[in-house]
Amino acid sequence: MTSLGPPARTRGTVRSALLAVCLGALALGLGSCGGNLTPSLMANTAPPLIRVRLGAPRPRARLALPAHPWTIRSTSGDSYVLRAASEVQTELAANSTGIVIRGRSTGAAALRIEPDDFFTLDGRVYDGHLLVTQVDETLVFINELDLETYVAGVIGNEVGPGAEPATYRAQAVAARTYGWMRRQEREAEQAAFHVYDSAASQVYTGRSVPAQYGIRYDDMLRRTTETRGAILTYEGRPFRAYYASTCGGHTTAAAVSGLDPGHAAEPLRGVACAHCTSSKYYRWTAHVTDAEVVAGFKARGRPVSLPIHAIDVTRARGGWVSEGAVRYGASGQTRTIPGHELRSALGLRSHRIERITRESGGWVIQGRGWGHGVGMCQVGAIEMGKKGASESEILRYYYPGIAFAKVY
Ligand SMILES: [Zn+2]
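What comes next is a walk through the structure. Going along each chain's sequence as written, the residues are numbered from 1 onward. It should be noted that, the model being predicted, local features are given only for residues of pLDDT at least 70 and side-chain atom pairs only at 80 or more, the latter also being counted only at that level, while totals for whole chains, interfaces and linings use all residues.

Among buried residues, those of type Ala, Val, Leu, Ile, Met, Phe, Trp, Tyr and Cys that are joined through C-beta atoms within 7 Å form a set called a nonpolar core. Buried residues are those with 20 or more other C-beta atoms within 10 Å of their own C-beta, exposed residues have 12 or fewer, and partly exposed residues lie in between; C-beta atoms are placed from the backbone. Core analysis: the largest hydrophobic core is formed by 82 residues, its most contacted members being Val132, Ile155, Ala174, Leu232, Cys377 and Ile394. Each residue is represented by a C-beta atom placed from its backbone, and any two residues with such atoms within 7 Å are regarded as in contact. Those residues in contact with isoleucine 155 that sit more than four places away from it in its chain are Tyr168, Gln171, Ala172, Ala175, Met220, Arg223 and Thr224. In this structure, Val256, Val288, Ile308 and Ile311 belong to the second largest nonpolar core, which totals 18 residues.

Shown next as structure tokens:
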């Protein structure tokens, strides 16, 4: 693994750092500390910076800066610099002569906005810096901030309201592992951004946790800090700690959901889960018309035609569908499709499908769970927390065989 942080320490220092880190991990209730970590895991003392793309590229956005010192500088080779400590509310807009601020063109195609405190973009409050790049007639907005603050802006959105501190801490470790791995990838240093702010990566809203959640951002920051630097490892290396909303009674193997387990097939093989029965998606029923089957398969580039004679499924461990087969057309051909693609084609909550029966003009599909079903079951993690489980117990349950590491 490539370390993008400061140079690796000397051997002796690594060993003493490992001891200190393990004591820290024990104090956090993280249980045993991985003793087989590679030195590169121990090489950093501060969180890395991560770049998050905020929303889709768009022609304009509202920027607000509080009455604290801030700097706006060009990063596209021109000399534009603006420094002040006064409050600003303005529109940022794309223009043929460069990015427009306060109604005037800066002449720059890329700006870095560096507030001492925070900035507000389209009504959401963020820490760190804002990078604005003009691409054709749109602006790309990227928030650059340290990994810890990023994690704090994720976990409230990903867990939702009403969970115990241990569940937010478990989510913080999983979310940090994801961010850390993205940051460690080849070319990460040069990448324009590392993650999206949506479910395409992890849902991130800066300090602005949706008001209806009733979650205080300061609490999310506290839960994050309580696990500072902790990530999940398997055989001494971090792994893709996937998670999903509701498993419906059993999580599934990464490959069954078309996800790459990397070197960690064991922690991502799927486990029985007795903890998510309270989810409203623990069981579900969907009605899919024959026309929707045809449209869904067409959209996946796997055309089928009327009439639809049968939809059959092959199940992997835990009831998750590994493959679906549709028999269709006048001559009754069969089209097969991976189970997770069947879910998308039919617009289902998951591909944990229990029963498919015929109804007039379509199909009744009964299933369980919501999401891809790999790794931590988030509703299960909430329920385990309510029953008194620690973050270590939650994470070890859903990712068997793991060890914790503190990377800074
Ligand atoms: Zn579950």
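Picking up after the structure, the text goes on.
Pairing geometry for strand E3 (residues 70-74) and strand E4 (residues 81-84), over 4 bridges, is antiparallel. Looking across to E4, one finds that threonine 71 is bridged to arginine 83. Two strands qualify as a pair provided that DSSP identifies no fewer than 2 bridges between them. For helices the rule is a DSSP run of H or I covering at least 4 residues; for strands it is a run of E covering at least 2, with both sets numbered from the N terminus onward. When E3 meets strand E8 (residues 110-115), the two strands line up antiparallel, connected through 5 bridges. If you follow threonine 71 over to E8, its bridge partner there is glutamate 114.

Now for helix H7 (residues 378-386). The element H7 is extensively covered by neighbouring structure, given that 8 of its 9 residues are classed as buried. The complete set of buried residues in H7 reads Gln378, Val379, Gly380, Ala381, Ile382, Glu383, Met384 and Gly385. Looking at the buried residues of H7, the elements they touch are helix H2 (147-159), helix H3 (165-184), strand E16 (243-244), strand E23 (376-377) and helix H8 (391-398). Positive backbone phi, approximately 100°, marks glycine 388, located one or two places after H7.

Below, the discussion takes up the sheet that holds strand E1 (residues 49-53). An order of E4-E3-E8-E11-E12-E1-E13 is seen for the 7 strands of this open sheet, with the pairing classed as mixed. The open sheet has two edge strands, E4 and strand E13 (195-196), and neither has a second partner. Note: E1 against E13, 2 bridges, orientation parallel. Bridge pairing links arginine 53 to tyrosine 196 in E13.

With respect to the element layout, alanine 286 can be found in strand E17 (residues 284-289). The spatial distance from the C-alpha of alanine 286 to the C-alpha of isoleucine 356 is 9.6 Å, given a sequence separation of 70 residues. Residue contacts for alanine 286: discarding those within four places in its chain leaves Leu348 and Ile365.

Spatial ordering of the open sheet is given by E18-E19-E20, a layout of 3 strands whose pairing is antiparallel. Each having just a single partner strand, strand E18 (308-315) and strand E20 (333-338) make up the two edges of the open sheet. Within this sheet the neighbouring strands show an average axis-to-axis angle of 20°, counted without direction. Direction of pairing for strand E19 (residues 321-328) relative to E20: antiparallel, over a ladder of 6 bridges. Residue pairing in the sheet places valine 326 in a bridge with arginine 335 of E20. Here the axes come from fitting lines to C-alpha atoms, over the contacting stretch only for helices, and the angles between their N-to-C directions go from 0 to 180 degrees.

The end-to-end C-alpha distance of H2, which contains 13 residues, comes to 18 Å, matching closely the 18 Å that a straight helix rising 1.5 Å per residue would cover. Counting buried residues along H2, 11 of its 13 residues qualify, which places the element largely inside the surrounding structure. Within H2, burial applies to Leu147, Glu148, Tyr150, Val151, Ala152, Gly153, Val154, Ile155, Gly156, Asn157 and Val159. Next to the buried residues of H2 lie E1, strand E12 (138-146), H3, helix H4 (217-225) and H7. Glycine 160, located one to two residues past H2, shows a positive phi value of around 85°. In this scheme, a helix's expected span is set at 1.5 Å multiplied by one less than its residue total.

Right, let's talk about the packing of H3 against H4 for a bit. In the contact formed by H3 and H4, the axes pass within 8 Å of each other and the chain directions differ by 65°. With respect to each other, H3 and H4 are oriented roughly perpendicular. The handedness of the crossing between H3 and H4 is right-handed. Between H3, through Pro165, Tyr168, Arg169 and Ala172, and H4, the contact on the second element is made entirely by Met220, Arg223 and Thr224. For the contact of H3 with H4, a count of residues per class yields 4 nonpolar, 1 polar and 2 charged. Orientation categories follow fixed angle ranges, with anything under 35 degrees roughly parallel, anything over 145 roughly antiparallel, 65 to 115 roughly perpendicular, and all other angles oblique. Each crossing is labelled by how the near helix is turned from the far one, with a counterclockwise turn of less than a right angle marking it left-handed and a clockwise turn marking it right-handed. Classification used: nonpolar for Ala, Val, Leu, Ile, Met, Phe, Trp, Tyr, Cys and Pro, charged for Asp, Glu, Lys and Arg, polar for all others including Gly.

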